[in-house]
Amino acid sequence: MANTVATEDFEAARRRIANVAVRTGLHRIGAEVFAEAGMEAPPFELYVKAESEQPIGSFKLRGAYNMIASMVEQGPSAAERGFITYSSGNHAQGVAYAARAVGAKAVIVMPGNAPMVKREATAALGAEIVLVGNASSDRKRKAEELAERFGYAIIPPYDDLRIIAGQGTCGLEIMEQLAEATGKPAGEDVLVLSPVSGGGLLSGTATAIKLTSHGVKVWGAEPELAADAKESFETKTLVEWPAEKTTRTIGDGLRTQSLGQLNFEHVLKYVDGIVTVSEEEIFAATRFLLRSTKLVPEPSGAVTLAAALFHADALPKAERVVVIMSGGNIETELKSKLMAEIAQV
């Protein structure tokens, strides 16, 4: 690979992950759904790309398996050494699942505030878990220390071309599924919204779409309380926010303190903009999906719907809008709380 991901890298990733990751659904949310919820339908066709349908409940399996499988293809030494990563939850499960698929050990460095549902799911996949402080820099540092001591191969959450290529397969599927659903290829009438934290999904999706389609707009969405990506994009300088700020958001999968360097380069080249949403809007979007659809989102995955519903004026006009629901690993207590609130309406 060169310093950026090319079309052939995405196609190779798609072939590599085909028997492990699934082609998740693209679900239309029609005007009648909004009417039943007592809401005004948006002035565009709305589609949800449900990455919650992956075996681990999030998109992270795409990149994790693509990187691990590509390393194993080069020889057995990587699997023999074992793999290590640092993650708040979804990437942890992706690495654990992928390592198990190739018969290798997985060690996951997680923050102490990682949702219990994600910690338990990671452990259930056979991974060894090491807990550290809440800052993303803390877990990265610990993973590097353990890798040096024990020889593990590091699988970074986002800052690697193989990770970007794997995540970008989501974008390839969206373009194909839109054409299948509407009978016409995606073009200038389409806007795709991706959550952004470290930038793996956004950079991969945007790059894959821009290399294979013409005129489609791709934007990122993130919480106002963790808006380092928006600041980086607008200043064209990679900035880092302190953990005390980013950990305030309910979107636990979006608390990374900065974009990865490779991800940032792809974002600057292929992404059209980044919009932020409030905590209240994230909750509202999560409640809407729980109440009105069969989809179960985690808050991190609902930021894109929040952007589409509440910040249309900040986004480019489009006839068809696709929001990537990046995951569905919601805390049991939070889901129960939101369902109780829905019942009271």
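Because the structure is predicted, anything quoted here is derived from the model rather than measured.

What counts as what
- Residues numbered from 1 in each chain as written.
- Predicted model: local features only at pLDDT ≥ 70, side-chain atom pairs only at ≥ 80, totals over all residues.
- Heavy atoms only, no water.
- Pairing = 2+ DSSP bridges.
- Helix = DSSP H or I, 4+ residues; strand = E, 2+ residues; numbered from the N terminus.
- Contact = heavy atoms within 4.5 Å.
- Axes fitted to C-alpha atoms, helices over the stretch in contact; angles between N-to-C directions.
- Parallel < 35°, antiparallel > 145°, perpendicular 65-115°, else oblique.
- Nonpolar A, V, L, I, M, F, W, Y, C, P; charged D, E, K, R; others polar.
- Buried < 20%, exposed > 50% of the residue type's maximum accessible area, 1.4 Å probe, protein only.
- Salt bridge = Lys/Arg side-chain N within 4 Å of Asp/Glu carboxyl O.

Peer 1: Sorry, what's going on with the sheet that holds strand E5 (residues 128-132) here?
Peer 2: Pairing between sheet strands relies on hydrogen bonds along the backbone, with the strands arranged either parallel or antiparallel. Read from one edge of the open sheet, four strands run E5-E4-E3-E6, paired in parallel fashion. One side of each edge strand has no neighbouring strand; the edge strands of this open sheet are E5 and strand E6 (153-154). Summarising the sheet, strand E4 (residues 106-111) and E5 pair through five bridges and their orientation is parallel. Within the sheet, the bridge partner assigned to Ile 108 lies in E5 and is Ile 129. Of the strands in this sheet, strand E3 (83-86) and E4 touch helix H5 (residues 90-101), which is tilted by about 175° from E4.

Peer 1: Would you mind showing me how to read the sheet that holds strand E7 (residues 190-195) here?
Peer 2: As summarised here, the arrangement of the six strands in space is E1-E2-E10-E7-E8-E9, forming an open sheet in which the pairing is mixed. Two strands bound the open sheet, and with one partner strand each, they are strand E1 (26-29) and strand E9 (273-277). Here the strands of the sheet are splayed against their neighbours by 25° on average, with no regard to which way each runs. This element, helix H14 (residues 299-310), spans strand E2 (45-50), E7, strand E8 (217-223), E9 and strand E10 (320-325) of the sheet and lies at about 160° to E10.

Peer 1: I would appreciate a short explanation of the packing of helix H13 (residues 279-292) against H14 in the present structure.
Peer 2: How two helices pack is summed up by the angle between their axes together with the distance between the axes. For the pair H13 and H14, interaxial distance at closest approach is 8 Å and the crossing angle is 100°. With respect to each other, H13 and H14 are oriented roughly perpendicular. For the pair H13 and H14, the contacting residues are Glu 281, Ile 282, Ala 284, Ala 285, Thr 286, Phe 288 and Leu 289 in the first and Pro 299, Ala 302, Val 303, Leu 305, Ala 306 and Phe 310 in the second. Here the residues of the contact of H13 with H14 are counted per class, giving 11 nonpolar, one polar and one charged.

Peer 1: Looking at this structure, I do not really get the environment of Leu 193. What am I missing?
Peer 2: Following the sequence through the fold, Leu 193 ends up in strand E7. Look at Leu 193 and you get buried, because its relative accessible area is 0%. Spatially, the C-alpha atom of Leu 193 lies 17 Å from that of Leu 259, the residues being 66 residues apart in sequence. Setting aside residues no more than four positions away along its own chain, Leu 193 makes contact with Trp 219, Thr 304, Ala 307, Ala 308, Leu 315, Val 321, Val 322, Val 323 and Ile 324.

Peer 1: Before we go on, may I ask you to explain the environment of Ala 21 in this structure?
Peer 2: When you line up the elements, Ala 21 lands in the loop between helix H1 (7-17) and E1. A residue is classified by how much of its surface remains accessible, and Ala 21, at 7% relative accessible area, is buried. Separated by 39 residues in sequence, Ala 21 and Lys 60 have C-alpha atoms that sit 9.5 Å apart. Setting aside anything within four residues of it in sequence, one finds Ala 21 in contact with Gln 54, Leu 61 and Arg 62.

Peer 1: What should I look at first to understand the pairing of E4 in this one?
Peer 2: Taken residue by residue, a regular strand's side chains alternate between the two faces of the sheet. Most of E4 sits inside the fold, with six of its six residues counted as buried. Residue alternation in E4 divides its side chains into two sets, Ala 106, Ile 108 and Met 110 and Val 107, Val 109 and Pro 111, and both sets are buried. Where E3 meets E4, four bridges bridge the pair, whose relative direction is parallel. Residue pairing across strands places Ile 84 opposite Val 107, the latter belonging to E4.

Peer 1: Whenever I open this one, the side chain of Asp 252 confuses me. Can you help?
Peer 2: For Asp 252, the position within the fold is in the loop between helix H11 (243-246) and helix H12 (261-270). Beyond its immediate stretch of four places on either side in the chain, Asp 252 contacts Ser 88, Pro 115, Lys 118, Glu 298 and Ser 300.

Peer 1: Would you explain the side chain of Asn 66 in this entry?
Peer 2: Of note, Asn 66 is situated in helix H3 (residues 60-73). With residues up to four places along the chain from it excluded, the contact list for Asn 66 reads Ala 13, Arg 16, Ile 17, Arg 162, Ala 165 and Gly 166.

Peer 1: What is the right way to look at the pattern of salt bridges in this model?
Peer 2: As a working rule, side chains carrying opposite charge can pair if their charged atoms are close by. According to the stated counting rule, one finds 23 salt bridges in the structure shown. Across the pair Lys 337 and Glu 341 runs a salt bridge, and its minimum N-O distance is 2.7 Å. Pair noted here: Lys 337 and Glu 341 are both in helix H15 (residues 332-344), with a separation of four residues, about one helical turn. Among the residues examined, Lys 337 registers a relative accessible area of 45% and is labelled partly exposed. Connected through shared salt-bridge partners, Glu 11, Arg 14, Arg 23, Glu 176 and Glu 180 make up one network.

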